[in-house]
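# Reading the structure
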Amino acid sequence: MNHHAEAFAPPQEDRDEKRNLVGLTRDQLVAEMAGLGEKPFRAKQLWHWIYHRGVTDFAAMTTLSKDFRARLAETFAVRRPAVGEAQVSRDGTRKWLLRLADGNEVETVYIPEEDRGTLCVSSQVGCTLTCKFCHTGTQRLVRNLAPAEIVGQIMVARDDLGEWPAPAEGRQITNIVLMGMGEPLYNYDNVAAAIKIAMDPEGLSVSKRKITLSTSGVVPEMERCGRELDVNLAVSLHATSDDVRDRIMPINKKYPLKMLLDACRSYPGTHNARRITFEYVMLKGVNDSEEDARRLVKLLKGIPAKVNLIPFNPWPGSFFESSEPAVITRFADILSAAHISAPVRATRGDDILAACGQLKSASERRKKAERETTLPAQL
Ligand code: SF4
């Protein structure tokens, strides 16, 4: 475990608490069953009840003997993060403020569209990176999420949308994006464990083609992510020069554009039908010139790429402005003329601060507001 993962590791489970079976890998579940003197097939049965049926009460797992269910309930639990607040936007977007066992909070967002339903999942409480356009970036990193707290977000959303057992067809949650709070590649081991649970065909069964991991550019972990998880990659690019990217995304000082784009060129499994998505927030007068657009075309040469243009979503205390719609259209035209698909992302859920870059746990906002009100007047 690297120093970062160690320093921000999720808390160990409280010994007095019953062990949570959510978030365990299949092998860990088999080991727990062996601890009860049970054979590996028990783990398979439990996996089905927990991840396919979404059941949290052992008593309801009717294919298991009553005696076995009682023994399970003595030692184990099937827990999800608690829902502190659930909001629904006027455009149907949903946001859950989830309260973790140690009192920390994270946010998860569901965005329904015509042809899909995307769940935006968080991977850390706060973030170490301080991207200047991102609300989460103003919240210092508190800790990494455990696999149970990451996969638990999918389960809470399914509970709320009534999506158990996991339907083969007509699902509401069709896509999972790790684009919520935090940098997922700075919590790789826990994120990887959660993704493997989500992809398991006998449980939540989310296809790897429907999972996208978004990184701000943690180059060393990108290749590993592609090789081990083979999920789609999204890269928070947001600038076309190191000078600008250094200023709005400090991680660029560690992994500058050339290094990042080289890592994209060698990301396993990309091709024309499976492109890397580059996130590009449109900041007025910062990164939205025609020259920027032309430079972006050059930078992406040789990379199967799609660019998501994101009008900037202001948040309390932010100092950027979104580019004018005409500027965004002109930018998109230059990319399309170079055969780079450049859809403009519709702003969703901004009335409940659920839009891109707006996530920050309510308690942190409250604390900040309280701090501001108690500051002496003369400051
Ligand atoms: S954009 Fe991502 S990496 Fe950057 S501060 Fe926000 S959550 Fe962190």
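No experiment lies behind these values; they were computed from the predicted model shown.

## A look at the domain arrangement of the protein
Its domain assignment divides the protein into domain 1 (18–77) and domain 2 (82–368). Placing a centre on the C-alpha atoms of domain 1 and another on those of domain 2 gives a separation of 33 Å. Counting residues at the interface gives 13 residues for domain 1 and 13 residues for domain 2. Summed over both sides, the interface between domain 1 and domain 2 buries roughly 1,100 Å², with carbon and sulfur atoms accounting for 60% of that surface. In terms of surface lost to domain 2, no three residues of domain 1 exceed W47, Y51 and H52, which account for 44% of the buried area on that side. Viewed at the interface, domain 2 and domain 1 are joined by three salt bridges. Among the ionic pairs, E202 bridges to K44, the shortest N-O distance being 2.9 Å. At the boundary of domain 1 with domain 2, the tally comes to six residue pairs in polar contact (both at pLDDT 80 or more). Tallied by class, the residues present in the side of domain 1 that touches domain 2 amount to five nonpolar, five polar and three charged.

## Quick word on the site of the ligand
Around the ligand sit C127, L129, C131, C134, T136, G137, G182 and S216, and that is every residue in its neighbourhood. Split by residue class, the shell around the ligand holds four nonpolar, four polar and no charged.

## Describing helix α3 (residues 41–52)
With 12 residues, α3 should cover 16 Å at 1.5 Å per step; its first-to-last C-alpha distance of 16 Å lies within 8% of that length. Within α3, the full set of buried residues consists of R42, A43, Q45, L46, W47, W49, I50 and Y51. On its buried face, α3 sits against α2 (26–35), α4 (66–75), α5 (147–161) and α6 (188–199).

## Here's the deal with empty space enclosed by the protein
Counted under the stated rule, the structure contains two cavities of 30 Å³ or more. What the largest cavity holds in volume is close to 60 Å³. Forming the walls of the largest cavity are V121, I150, I154, I176, L178, A194, I195, A198 and I211. Element by element, the count of residues in the lining of the largest cavity is highest for α6, at three residues.

## Quick look at the environment of I276
Position of I276 relative to the elements: it lies in strand β12 (residues 276–282). For the pair I276 and N232, spaced 44 residues apart in sequence, the C-alpha to C-alpha distance is 6.9 Å. Setting aside its immediate chain neighbours within four residues, I276 contacts L233, V235, C264, Y267, T270, I303, P304, A305 and K306.

## Some details on the sheet that holds β12
Read from one edge to the other, the open sheet built from nine strands follows the order β3-β4-β5-β6-β9-β10-β11-β12-β13, with strand pairing classed as mixed. At either end of the open sheet lies a strand with only one pairing partner, and these are β3 (82–88) and β13 (305–311). Along the sheet, successive strands turn relative to each other by an average axial angle of 20°, direction set aside. Strands in contact with α5 are β3, β4 (94–99), β5 (105–112), β6 (117–120) and β9 (175–178); relative to β4, the strand with the most contacts, it is inclined by about 130°.

## Some points on the packing of aromatic side chains
Applying the stated criterion across every chain, the model contains four aromatic pairs. With a centroid separation of 5.9 Å and 75° between ring planes, the pair formed by F312 and F320 is classed as edge-to-face. In this pair, the class of F312 matches that of F320, namely buried. Judged by centre distance (4.7 Å) and plane angle (40°), the rings of F319 and F320 are tilted. Judged by relative accessible area, F319 falls into the exposed class, the value being 63%. Of the residues examined, F320 reaches a relative accessible area of 14% and is grouped as buried. Members of the aromatic cluster, joined through ring pairs, are F312, F319 and F320.

## A word on the pattern of salt bridges
In the structure shown here, the tally under the stated rule is 34 salt bridges. Here the salt bridges share partners, and the residues they tie into one network are D189, E221, E223, R224, R227 and E228.

## Considerations on the environment of Y267
Counting through the fold element by element, Y267 comes out in the loop between α9 (257–265) and β12. Y267 gets classed as buried once you look at its relative accessible area, which sits at 3%. The spatial distance from the C-alpha of Y267 to the C-alpha of C225 is 8.7 Å, given a sequence separation of 42 residues. Residues within four places of Y267 in sequence aside, it is in contact with M222, C225, G226, V231, N232, L233 and I276. Of note is the side chain of Y267, whose polar atom sits 2.8 Å from the backbone oxygen of V231.

## Remarks on α5
End to end, α5 covers 22 Å across 15 residues, agreeing with the expected 21 Å (1.5 Å per residue, within 8%). The largest bend in α5 amounts to roughly 30° and is located at Q153. Extensive coverage of α5 is indicated by the burial of 13 of its 15 residues. Residue G162 follows α5 closely and has a positive phi angle near 65°.

## A few points about the pairing of β4
A regular strand carries its side chains on alternate faces of the sheet. Bridge analysis of β3 against β4 gives six bridges, and the strand direction is antiparallel. Bridging across to β4, V83 finds its partner in L98. Where β3 folds back onto β4 in an antiparallel hairpin, the turn is made up of five residues, including G92, whose phi is positive at roughly 90°. Judged from the six bridges that link them, β4 and β5 form a sheet pairing that is antiparallel. Looking at the pairing, L98 lines up with V106 of β5.

What counts as what
Residues numbered from 1 in each chain as written. Predicted model: local features only at pLDDT ≥ 70, side-chain atom pairs only at ≥ 80, totals over all residues. Heavy atoms only, no water. Domains from an automatic or database assignment. Contact = heavy atoms within 4.5 Å. Buried area = accessible area lost by both parts, 1.4 Å probe. Salt bridge = Lys/Arg side-chain N within 4 Å of Asp/Glu carboxyl O. Polar contact = N/O pair within 3.5 Å; in protein donor to acceptor, adjacent residues only side chain to side chain. Nonpolar A, V, L, I, M, F, W, Y, C, P; charged D, E, K, R; others polar. Near = heavy atom within 4 Å. Helix = DSSP H or I, 4+ residues; strand = E, 2+ residues; numbered from the N terminus. Expected span 1.5 Å × (residues − 1). Buried < 20%, exposed > 50% of the residue type's maximum accessible area, 1.4 Å probe, protein only. 1 Å grid on protein atoms, 1.4 Å probe; cavity = no way out; pocket = protein on both sides within 12 Å on 5 of 7 lines; lining within 4 Å. Points joined across faces, edges and corners; volume = space filled by probe spheres on them. Pairing = 2+ DSSP bridges. Axes fitted to C-alpha atoms, helices over the stretch in contact; angles between N-to-C directions. Phe/Tyr/Trp six-rings, centres within 6.5 Å; stacked < 30°, edge-to-face > 60°. Bend = angle between axes of the 7 residues up to and from the residue.

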